[in-house]
Amino acid sequence: MASDFSWLMGLSARSVVAPAGHGKTELLARAAAQGQRTLILTHTHAGVHAIAARIRRMGIAKDSVTIDTIASWASRYAYAFPKLSGNPPRNPKGAEWNQVYQGALNVLSSPITWRIVQASYDRAFIDEYQDCEGFQHAIAVTLSRIIPTLVFGDPMQGIFEFVETKINWGERVIPDFPVAAELEEPHRWSTSNPALGKWIADTRNRLIAGQPVDLRQGPITYLQTDNAFDMGLFFDGFDDREGSTAAIHCRRKICDSLASATRGAFQAIEEIAAARLMAFAAQWDASLASRQKIEALRSLLGDTMHRNLAQLTVPDSLYEIDARRQAAWNALIDTGSAQSGSDVISHERGHPLSRTFRGELLNDAKRALIELACGRSESLTQACQHARHRLSHTGRPPIKRVISTPLLLKGLEFDHVLVPDATHFLTERFAAAKLFYVAISRARHSLSIASSNPILLFPRPTL
């Protein structure tokens, strides 16, 4: 059905259920290419980039489609009519976004705005709808009364159940946007591993029905182990894996520990809030002496890299390398400057015996120190905030081997996926079956799962 998009064109106020890897992005792009002015909204800047990249590859004219996040699009309307919107706060944080969304709703309720929207777009598509919150849903419903609007999503990927304002697909979405169709072809695996795609689709159905999943069946690699940190999963067949690899665990701290245990073979990636980065920045900014800044930096380095003292061969120039590294530390002692801090990171990370396992965190810290040194920020905290804001808009550069959570990897795909200690998914308080489905559906070519029990039985998910 995904290859034939003509059925979309006459629909409005309907939903399309799109399981992972079933051609939703392609369908959106092809529908947007039909010569009408299309508005496509999604939740993250990474989602915006993914849709925009697909549209560029298809050669679709830029002026025929507008792609934006729901938050950004709503805020533009709210700020364009401050009196009508109630003058919501600029640069909102947390719950302040509700004021922005309410302001947008106020604006969209005006007949004048209806004419503006109708003059700008012929239809709207809203992607990743399972991630919508209450105010965003209200905006979608209001928009559907102005122009034809379709929403796309997968209730089995609605893993933000811990957020109280998230809407329930069955209770809120279907009454306002009845299901028009469910995509059925697992396109992600059609050329890479059709058998794996079928197994993941079948597993999705089993999870929805609350039926057990037998890891010994299907085209996956099952590793029987009672050790949650069994490195065999990571390194057996390591040299044979071509392309990208992701190891997925629900607990962020365990992701860091696993990355550390691989000695830098895999990189742990950071959450957008970047708690460890901001803690380093706060400690640096509060330092009254160079000694305190050194303590902050040493602590950060200890959380991001190892020194491989067991390496048997070292370069002949190690003495000179160590001398330059020590000179950078001495400069930090003498000056306490952000530039010296940046130099220390460069020398420590570039040391031939160093193995970095949280490179993204270290890179952000270095960039923020440079920004502070150049006078582009008033504090390291501000510089770090700028660094994370840029990342949320530009996305992460490709990393060959990562360890992260389903929350951070949702929407991405990898050639190979590793799931260490699969039984830990059963202990998740929210969305256990959904988290497992998101994890396994990231894999394109191969899926390897370690577990103490070959049979997993999840509570039936709420859809």
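Check the entry above for the structure.
Residues numbered from 1 in each chain as written. Predicted model: local features only at pLDDT ≥ 70, side-chain atom pairs only at ≥ 80, totals over all residues. Heavy atoms only, no water.

## Considerations on the overall build of the chain
In terms of helices and strands, the chain carries 19 helices and 16 strands. Here the C-alpha radius of gyration of the chain, 24 Å, is about what a compact globule of 463 residues would show, namely 23 Å. Principal axes of the C-alpha set define a box for the chain whose edges measure 70 × 60 × 40 Å. Going through the 463 residues of the chain one by one, you find that 50% of them count as buried. The contacts of the chain with a sequence gap of at least 6 include a subset with a gap of at least 24, amounting to 80%. (Helix = DSSP H or I, 4+ residues; strand = E, 2+ residues; numbered from the N terminus. Rg over C-alpha atoms; globule rule 2.2 N^0.38 Å. Buried < 20%, exposed > 50% of the residue type's maximum accessible area, 1.4 Å probe, protein only. Contact = heavy atoms within 4.5 Å.)

## Some thoughts on helix α1 (residues 24–32)
For α1, the set of buried residues is Lys-24, Leu-27, Leu-28, Ala-29, Ala-31 and Ala-32. Buried positions along α1 lie against β2 (38–42), α2 (45–57), β3 (65–69), β4 (123–126) and β5 (149–153).

## Concerning unusual backbone geometry
The backbone of Ala-13 shows a phi angle near 50°, a positive value even though the residue is not glycine. Within the secondary structure, Ala-13 sits in the segment before β1 (14–17). Of note in this structure, Arg-263 is not a glycine but carries a positive phi near 60°. If you trace the backbone, Arg-263 turns up in the loop between α11 (252–261) and β10 (267–268).

## Quick notes on the side chain of Gln-130
Topologically, Gln-130 is positioned in the loop between β4 and α7 (134–144). Of the polar contacts made by the side chain of Gln-130, one reaches the backbone nitrogen of Asp-154; its length is 2.8 Å. Not counting residues within four places of it along the chain, the set of residues in contact with Gln-130 comprises Gly-153, Asp-154, Pro-155, Gln-157, Gly-158, Trp-169 and Lys-410. (Polar contact = N/O pair within 3.5 Å; in protein donor to acceptor, adjacent residues only side chain to side chain.)

## A word on the layout of surface pockets
The method is simple in principle: a probe with the dimensions of a water molecule rolls over the atoms, and the space it marks as empty is what remains. The computed volume of the second largest pocket comes to approximately 260 Å³. Lining the second largest pocket are 15 residues, and of these Glu-360, Asp-364, Arg-367, Leu-391 and Pro-397 sit closest to its centre. Put simply, the parts of the chain that give the lining of the second largest pocket at least two residues each are α16 (359–373) and α17 (380–394). For the lining of the second largest pocket, the element with the most residues is α16, which contributes five residues. (1 Å grid on protein atoms, 1.4 Å probe; cavity = no way out; pocket = protein on both sides within 12 Å on 5 of 7 lines; lining within 4 Å. Points joined across faces, edges and corners; volume = space filled by probe spheres on them.)

## So, the nonpolar core
Burial of nonpolar side chains together is a common tendency in soluble globular proteins. Counting residues in each nonpolar core, the largest one holds 36 residues, and the members touching the most others are Leu-207, Phe-425, Phe-436, Leu-447, Ile-449 and Phe-458. Going through the elements one at a time, α9 (194–209), β9 (245–248), α18 (406–409), β14 (414–419), α19 (432–440) and β15 (443–451) are the ones with two or more residues in this core. The leading source of residues in this core is α19, at eight residues. Excluding anything up to four places from it in sequence, Phe-436 contacts Thr-203, Leu-207, Leu-215, Phe-425, Ile-449, Leu-456 and Phe-458. (Core = buried A, V, L, I, M, F, W, Y, C linked by side-chain atoms within 4.5 Å.)

## Description of the packing of helix α12 (residues 275–286) against α17
It is at 8 Å that the axes of α12 and α17 come closest, and there the two elements cross at 160°. The pairing of α12 with α17 is recorded here as roughly antiparallel in orientation. Seen from α12, the contacting residues are Leu-277, Met-278, Phe-280, Ala-281, Ala-282, Trp-284 and Asp-285; seen from α17, they are Leu-380, Thr-381, Cys-384, Gln-385 and Arg-388. In terms of residue class, the contact of α12 with α17 is made up of eight nonpolar, two polar and two charged. (Axes fitted to C-alpha atoms, helices over the stretch in contact; angles between N-to-C directions. Parallel < 35°, antiparallel > 145°, perpendicular 65-115°, else oblique. Nonpolar A, V, L, I, M, F, W, Y, C, P; charged D, E, K, R; others polar.)

## Re the sheet that holds β4
Taken in spatial order, the six strands of this open sheet run β3-β2-β4-β5-β1-β6, and their pairing is parallel. The sheet is open, and its two borders are formed by β3 and β6 (179–182), each paired with just one other strand. Along the sheet, successive strands turn relative to each other by an average axial angle of 20°, direction set aside. Contacting β2, β4 and β5, α7 runs over the sheet at an angle of about 145° to β5. (Pairing = 2+ DSSP bridges.)

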